[in-house]
Structure formats: structure tokens, C-alpha cells
Amino acid sequence: MSDLGKRIGQRIRELRTQRPERWTQEELAERAQISVSFLSMIERGERVPHVETLAALSNALSVSLGELFTGTEQTPAQTEDLLRPLSDFARARGLNARDVDRLLGVARVMFNGSAA
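Predicted model, so just to flag it, every value in this text is computed and none were measured. (Residues numbered from 1 in each chain as written. Predicted model: local features only at pLDDT ≥ 70, side-chain atom pairs only at ≥ 80, totals over all residues. Heavy atoms only, no water.)

Trainee: Could you clarify how one ought to interpret the environment of G45 in this entry?
Mentor: Of note, G45 is situated in the loop between α3 (36-43) and α4 (51-61). Judged by relative accessible area, G45 falls into the buried class, the value being 2%. Put simply, G45 and D3 are 42 residues apart on the chain and 8.0 Å apart in space, counted from C-alpha to C-alpha. (Helix = DSSP H or I, 4+ residues; strand = E, 2+ residues; numbered from the N terminus. Buried < 20%, exposed > 50% of the residue type's maximum accessible area, 1.4 Å probe, protein only.)

Here it is as C-alpha cells:
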């Protein structure tokens, strides 16, 4: 599942549980007119809901659709966490600038299909 889907699911769970009355999944699912199992999968990041479902969830939670996405963008710290293993790899092997450029060439071919 996509990382964004997981972050959206976490945000929905956060909005549901931070309410003064701390809704259960059953309560939110009923208000959004979706099944509890589907809501559970959304909150765990196993399913990414269609925009209609996101709209129903935002209405049920009394927040704007945009507010469902608040805080779901990837932060610089998360980006740094993604890059740290690459940096550690290069450092541990004593790679120089030429080595890193060659490694990037291999990565470009792997992910883009061309070395350019």
C-alpha cells in the first residue's frame, strides 16, 4: 500500500479518536455509511478510499476534505530517513564522487530505463 494511503488512514483515525466523545470505528462507519471492516482497512492503510468515501468521512467527522490531508505530506525528516541508508552505504564503502555518479547511473537505468 502507498505511504500516502497509510498517512491518510492514520489521519482519519487521529480525527476519530481525538473527538471529545472519542468515536469508535463503528460510530464513524455508520455516520459515513461505510462498513466497519472497510474503515478499519482504510485506517490501517490497507485500502485507499475513493474521493466519494473521503468526502463522506470528512462530512461525518465535520471537517473539510482538505483537513483530512492535513499533516499527511511527507516531511523533510521523513525524506532524510529515506536517504540515510543510501548515505550510510556510500560512506561505509568509501565511495567518491565518481562512484556515486556511477551508482546513480545504474539507478537511473533501473528506474527510468535509460542512463540519461
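There's more to say after this.
Trainee: What exactly am I supposed to notice about the pattern of salt bridges here?
Mentor: A side chain with one charge can pair with a side chain of the opposite charge if their charged atoms come near. Overall, the coordinates contain nine salt bridges when judged by the stated rule. One salt bridge in this structure joins R7 and D3, with 2.2 Å as the shortest N-O distance. One end of the pair, R7, and the other, D3, are both in helix α1 (residues 3-17), four residues apart, so they sit about a helical turn from each other. On the accessibility criterion, R7 (14% relative accessible area) is buried. Here D3 falls in the partly exposed class, since its relative accessible area comes to 41%. As a salt-bridge pair, R11 and E14 come within 2.4 Å of each other at their nearest N and O atoms. On the criterion of helical spacing, the pair formed by R11 and E14 is a turn pair, its members being three residues apart in helix α1. Salt bridges here are not isolated pairs; linked through shared partners, they connect R11, E14 and E67. (Salt bridge = Lys/Arg side-chain N within 4 Å of Asp/Glu carboxyl O.)

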